[in-house]
Amino acid sequence: MAIVRLTGKQKAAILLISLGPDSAAQVYKHLTEEEIELLSLEISSVRKVDKDIQATVLEEFHAIVSAQDYIAQGGIAYARSILEKALGEEGAASIMERLTSTIQVRPFDFARKLDPSQILNFIQHEHPQTIAVILAYIPSKQAGQIISSLPEMIQTDVARRIAMMDRSSPEVISQVERVLEEKLSQTISQDYTEAGGIEAVVEVLNGVDRSTERTILDGLYIQDPELAEEIKKRMFVFEDIVTLEKRAIQRVIREVENDDLQLALKVASEDVKESVFSNMSQRMSEAFRDEMEYMGPVRLRDVEEAQSRIVAKIRDLEDIGEIVIARTNGEDILV
């Protein structure tokens, strides 16, 4: 039974036999009932596995797993170059053909390992829409550092375009990718790929410094006040209170209405409740718990409105420099 004539099921059966019962059982946990039945039937039909065939199957499996790791590290082009050095052009082509027929690589995957300054050099003179498409697909931390380095008048325009994005056609994405990396071989789904939107621009803005955030939001308030307000609401949510320093939480407790705080905590996570209660006096904490217990059922809308008022107060306190909301790039400054 030559290895080239083995079916996928036969290779999978040999692989599971080689892994042993404990590891095979762990693999089964990730399969459907139908897949388990088919594999079990295949395994039961195997009487003896030739050592050479077993070694070849294991080598092939290792090559595929390694290729997936290489793709995660640097994209398809990087994976192919590494495999060619290890397996030769023909062996690498065989592995990559199998992988690229079944996986979808996220657009601009190659850019994830680049320094933000490198990407900036590529795109800083491009049209704001082109920049928005790129920033919508790369990690938010990278995107935040890049948008912080753009001219102020461009920052606002790009942020607005990211927020207004819904879907981008494969043709547009491919064209933009070729601008950044002409030699990159990418596999893009023929379906429309979702990216951008308000959540995307919120993630980007959460990665910039406070000055850049203010500049972009101020510009958006001029161009599209409703959009700017919606983005600002999502910049810091009530559950993020756990990220505040103790003194900041204590200040928030003093500033907000007790009724609002009790409502807001009604459906909050245990981590949030503990963060708030641990910054109260024991007497106040016990009183709050009693009030919340006797409160009974509450409308979710009332809870969300109370949380929104508290978040607005937290943002106000940050605006006047009374508290600091931690940001991912570590550039917060106490004033």
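Model, not experiment: these values are computed from the prediction. (Residues numbered from 1 in each chain as written. Predicted model: local features only at pLDDT ≥ 70, side-chain atom pairs only at ≥ 80, totals over all residues. Heavy atoms only, no water.)

### Here's the deal with the overall build of the protein chain
Each helix and strand in the protein chain was counted, giving 18 helices and 2 strands. Pairs at least 24 residues apart make up 72% of the contacts formed inside the protein chain by residues separated by at least 6 positions. Summed over all atoms, the accessible surface of the protein chain reaches about 19,600 Å², with 49% contributed by carbon and sulfur. (Helix = DSSP H or I, 4+ residues; strand = E, 2+ residues; numbered from the N terminus. Contact = heavy atoms within 4.5 Å. Areas by Shrake-Rupley, 256 points an atom, 1.4 Å probe, with all protein chains shown as cover.)

### Points about the packing of helix α15 (residues 258-266) against helix α18 (residues 300-319)
The geometry of α15 relative to α18 is characterised by a closest axis approach of 8 Å and an angle of 120 degrees between their N-to-C directions. When the interaxial angle is binned, α15 and α18 end up oblique. Regarding α15 and α18, the two cross each other, and that crossing is left-handed. Listed contacts from α18 to Asp260, Leu261, Leu263 and Ala264 of α15 are Asp302, Val303, Ala306, Gln307, Arg309 and Ile310. Residues belonging to the contact of α15 with α18 are distributed by class as follows: 6 nonpolar, 1 polar and 3 charged. (Axes fitted to C-alpha atoms, helices over the stretch in contact; angles between N-to-C directions. Parallel < 35°, antiparallel > 145°, perpendicular 65-115°, else oblique. Left-handed = near helix turned anticlockwise from the far one by under 90°. Nonpolar A, V, L, I, M, F, W, Y, C, P; charged D, E, K, R; others polar.)

### Focus on the environment of Met164
Within the secondary structure, Met164 is located in helix α9 (residues 152-164). Taking the C-alpha atoms as reference points, Met164 and Ile198, 34 residues apart in sequence, are found 7.1 Å from one another.

### Here's the deal with the nonpolar core
Grouped together as the largest cluster of nonpolar side chains are 35 residues, with contacts concentrated most on Leu135, Ile147, Val158, Ile162 and Ile231. Those elements giving two or more residues to this core turn out to be α6 (116-123), α7 (128-137), α8 (140-149), α9, α10 (170-180), α11 (198-206), α12 (210-223) and α13 (225-235). Once residues within four sequence positions are removed from consideration, Ile231 is found in contact with Ala163, Ile198, Val201, Val202, Leu205, Leu217 and Leu220. Counting 25 residues, the second largest nonpolar core, distinct from the first, contains Ile241, Val252, Val272 and Ile323. (Core = buried A, V, L, I, M, F, W, Y, C linked by side-chain atoms within 4.5 Å. Buried < 20%, exposed > 50% of the residue type's maximum accessible area, 1.4 Å probe, protein only.)

### As for the confidence of the model for the protein chain
Overall, the predicted model of the protein chain reaches an average pLDDT of 75, with 73% of residues at or above 70. Scored below 50 in pLDDT, residues 183-193 makes 30 contacts in the model with residues more than four places away or belonging to other chains. Low pLDDT (under 50) marks residues 328-335, which in the prediction has 12 contacts with non-local residues, meaning those over four places away or in another chain. (pLDDT = per-residue confidence, 0-100.)

### With respect to the packing of helix α16 (residues 270-277) against helix α17 (residues 282-295)
Axis separation between α16 and α17 bottoms out at 10 Å; the angle between their running directions is 140 degrees. On the basis of the axis angle, α16 is oblique to α17. Where α16 approaches α17, its residues Lys273, Glu274 and Phe277 are matched on the opposing element by Ser285, Phe288, Arg289 and Met292. Considered class by class, the residues forming the contact of α16 with α17 number 3 nonpolar, 1 polar and 3 charged.

### Re the pattern of salt bridges
In this structure the tally under the stated criterion is 8 salt bridges. Residue Asp157 is joined to Arg160 by a salt bridge in which the shortest nitrogen-to-oxygen separation is 3.2 Å. With Asp157 and Arg160 both in helix α9, this residue pair falls 3 residues apart, about one helical turn. Under the relative-accessibility criterion, Arg160 is labelled partly exposed at 25%. Asp260 is the salt-bridge partner of Arg309, the closest N and O atoms lying 2.7 Å from each other. (Salt bridge = Lys/Arg side-chain N within 4 Å of Asp/Glu carboxyl O.)

### Some points on α17
The end-to-end C-alpha separation of α17 is 20 Å, in line with the 20 Å expected for 14 residues at 1.5 Å each. Taken as a whole, α17 has its buried residues at Ser285, Phe288 and Met292. In an axial view of α17, the angular spread of the buried residues amounts to 60 degrees, which keeps them on one side of the axis. Away from its buried face, by an angle of more than 90 degrees, α17 presents the exposed residues Gln282, Arg283, Glu293 and Tyr294. Remark: Gly296 follows α17 within two positions and exhibits a positive phi of approximately 75 degrees. (Expected span 1.5 Å × (residues − 1). Arc of directions from axis to C-beta.)

### Description of the environment of Ala12
Inspection of the secondary structure assignment puts Ala12 in helix α1 (residues 8-19). Distance from Ala12 to Ile43, taken between C-alpha atoms, is 8.7 Å for residues 31 residues apart in sequence.

### So, the side chain of Ser285
As for its position among the elements, Ser285 is in helix α17. Ser285 gets classed as buried once you look at its relative accessible area, which sits at 8%. Not counting residues within four places of it along the chain, the set of residues in contact with Ser285 comprises Phe277 and Met280.

### A look at a negative patch on the surface
Where like charges cluster on the molecular surface, the negative patch consists of Glu257, Asp259, Glu286, Asp290, Glu291 and Glu293. A total of 4 residues in the negative patch trace back to one element, the largest contributor, which is α17. Mapped onto the elements, Glu293 comes out in helix α17. Among the residues examined, Glu293 registers a relative accessible area of 60% and is labelled exposed. (Patch = residues over 30% accessible without salt bridge, like charges linked within 9 Å, V, L, I, M, F, W, Y side chains within 5 Å. Lys, Arg positive; Asp, Glu negative; His and termini not counted. Charge placed at Lys NZ, Arg CZ, Asp CG, Glu CD.)

### A few points about the environment of Val201
Turning to its location among the elements, Val201 is positioned in helix α11. Its relative accessible area of 0% is what places Val201 among the buried residues. Taking the C-alpha atoms as reference points, Val201 and Ala143, 58 residues apart in sequence, are found 9.3 Å from one another. Dropping the residues within four chain positions of it, Val201 is found in contact with Ala159, Ile162, Ala163 and Ile231.

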